[in-house]
Structures are given as C-alpha cells and as structure tokens.
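Chain and residue survey
Listed below, chain by chain, are the residues.
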Amino acid sequence: MLDILYDADLLRQRSRRFLARACWLFSKGKSFVALAPVDAIETDTKSQQEWIDRAKPVLTQTKSGSGDCFKLLRYGQAS
C-alpha cells in the first residue's frame, strides 16, 4: 500500500513540475533556448504544499495563454 501511495505522490510531484516548466517555457517564446532553470520550480521539497508555496511567486508572474501559470496548476481543485 505504501508503494502505491508513494508512487502516486511522486507522479503528482513530477506532473506539477512538468506542467510548471512547460507553462514557463511557453511564456518566454523563442528566447526559452537561452534560459537557465528557475530554482523555485526545480527545487525538491518535502511536500506538495511547500513546492506550491515556493513556486507560486514565479508562476503567478508568468503568463501563458489567457492566464497565469499558477492558475493552470490549480485548475479543477475543489474549493
């Protein structure tokens, strides 16, 4: 059971990080080739909430499409 929960948590962590990277890259347009990684997105944290708290300032300032990248991560969450 612990392996299943651990794998689900790891998958959730990786998917959020991947989505944050993609949104951040799309927001930079063609200049993304020369960019360095953003520590707030790439940092390994102890929990999802800690990662969200660290990444939120960067992701709310990053616009892609009709909204910021943080709203994209929070889409579909219960209120």
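Preceding this section is the structure that the text describes.
The paragraphs below set out a description of the structure included in this document. These figures come from a predicted structure and were not determined experimentally.

The number of helices and strands found in the chain is four helices and two strands. Going residue by residue from the N terminus, the α and β elements of the chain occur as α-α-α-β-β-α. Relative to all contacts within the chain whose residues are 6 or more apart in sequence, the contacts with residues 24 or more apart total 47%.

Note that soluble globular proteins tend to have their nonpolar side chains buried in a common cluster. Counting residues in each nonpolar core, the largest one holds 13 residues, and the members touching the most others are Ala20, Val38, Ile41, Trp51 and Leu59. By residue number, the principal contributor to this core is helix 3 (residues 48-61), which donates four residues.

What follows covers helix 3. For helix 3, built from 14 residues, the straight-helix expectation of 20 Å at 1.5 Å per residue is met to within 8% by its first-to-last C-alpha distance of 20 Å. When we look at burial in helix 3, the residues that qualify are Gln48, Trp51, Ile52, Ala55 and Leu59.

This next bit is on the pattern of salt bridges. Scanning all chains against the criterion turns up three salt bridges. A salt bridge links Arg21 to Glu42, with the nearest nitrogen and oxygen atoms 2.7 Å apart. Residue Arg21 is located in helix 1 (residues 2-28), and its partner Glu42 is located in helix 2 (residues 39-42); the two are separated by 21 residues in the primary sequence. For Glu50, the salt bridge identified is with Arg54, shortest N-O distance 3.3 Å. Taken together, the residues span about one helical turn, with Glu50 and Arg54 both in helix 3 at a distance of four residues. Under the relative-accessibility criterion, Arg54 is labelled partly exposed at 42%.

Attention now moves to the side chain of Gln48. Its location among the elements puts Gln48 in helix 3. Exposure remark for Gln48: the relative accessible area of 11% places this residue in the buried category. Dropping the residues within four chain positions of it, Gln48 is found in contact with Asp9, Arg12, Gln13 and Arg16.

This paragraph deals with the environment of Ala55. Mapped onto the secondary structure, Ala55 falls in helix 3. Given the relative accessible area of 1%, Ala55 is considered buried.

A separate point is the environment of Leu35. In this fold, Leu35 is placed in the loop between helix 1 and helix 2. Judged by its relative accessible area of 34%, Leu35 falls in the partly exposed class. Considering only alpha carbons, one finds Leu35 and Leu25, ten residues apart in sequence, at a separation of 8.7 Å. Discounting residues that sit within four places of it in the chain, Leu35 has contacts with Trp24 and Lys28.

Definitions and cut-offs
Residues numbered from 1 in each chain as written. Predicted model: local features only at pLDDT ≥ 70, side-chain atom pairs only at ≥ 80, totals over all residues. Heavy atoms only, no water. Helix = DSSP H or I, 4+ residues; strand = E, 2+ residues; numbered from the N terminus. Contact = heavy atoms within 4.5 Å. Core = buried A, V, L, I, M, F, W, Y, C linked by side-chain atoms within 4.5 Å. Buried < 20%, exposed > 50% of the residue type's maximum accessible area, 1.4 Å probe, protein only. Expected span 1.5 Å × (residues − 1). Salt bridge = Lys/Arg side-chain N within 4 Å of Asp/Glu carboxyl O.

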